[in-house]
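Structure assessment
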Amino acid sequence: MELQFEYVNIPRNNYFEYLVEEKLNPLARKFPIVISANVFFKVENKTKEIDSICEIKLDTQKSSIYVVAHEESIEQAIQKTYSALEKKLIDDNN
């Protein structure tokens, strides 16, 4: 599976990329219809809080699946997007 990473308002981080690869590579093996993923990491400074965002657009042989999570940390957002992707893939294959 091909993975592309983009960062907005945050420097490139190999650890975040590693976390995503550890989640998505087994998912791609479990669901062979998965072709590629575009992953966006963003940090938005709001008035009183910092919003950490992970967006993943997963391309499959059938369609594209898009999920986004707003959390306190990028790590939490990665976990939430992964869980949503897995659920959507399971639902799509049933």
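Above this note sits the structure.
Here is a short report on the structure shown in this document. What you see is a predicted model; the values in this text were computed from it and never measured.

Between its first and last C-alpha, helix 2 (residues 74-92) extends 27 Å over 19 residues, near the 27 Å set by a 1.5 Å rise per residue. Taken as a whole, helix 2 has its buried residues at Ile74, Ala77, Ile78, Thr81, Tyr82, Leu85 and Leu89. Angularly, the buried residues of helix 2 cover 135° about the axis, an arc narrow enough to put them on a single face.

Let us look at the environment of Asn14. Position of Asn14 among the secondary structure elements: in helix 1 (residues 14-30). Residues Asn14 and Ile35, 21 residues apart in the sequence, show an inter-C-alpha distance of 22 Å. Only 2.9 Å separates the side chain of Asn14 from the side chain of Arg12, close enough to count as a polar contact.

Once that is clear, we can look at the nonpolar core. Core analysis: the biggest nonpolar cluster contains 28 residues, and Leu24, Val39, Phe41, Ile56, Ile78, Leu85 and Leu89 have the highest contact counts within it. For this core, the secondary-structure elements that each account for two or more residues are strand 1 (2-8), helix 1, strand 2 (34-45), strand 3 (50-60), strand 4 (64-71) and helix 2.

The next subject is helix 1. Helix length check: helix 1, at 17 residues, gives a terminal C-alpha distance of 24 Å against a target of 24 Å (1.5 Å per residue), a fit within 8%. Inspection of helix 1 places Phe16, Glu17, Leu19, Val20, Leu24, Leu27 and Ala28 among the buried residues, and these make up the whole buried set. You can read the cap of helix 1 off the contacts: a side-chain oxygen lies 2.8 Å from the backbone nitrogen of Tyr15, and it is on Asn13.

Rules behind the numbers
- Residues numbered from 1 in each chain as written.
- Predicted model: local features only at pLDDT ≥ 70, side-chain atom pairs only at ≥ 80, totals over all residues.
- Heavy atoms only, no water.
- Helix = DSSP H or I, 4+ residues; strand = E, 2+ residues; numbered from the N terminus.
- Expected span 1.5 Å × (residues − 1).
- Buried < 20%, exposed > 50% of the residue type's maximum accessible area, 1.4 Å probe, protein only.
- Arc of directions from axis to C-beta.
- Polar contact = N/O pair within 3.5 Å; in protein donor to acceptor, adjacent residues only side chain to side chain.
- Core = buried A, V, L, I, M, F, W, Y, C linked by side-chain atoms within 4.5 Å.

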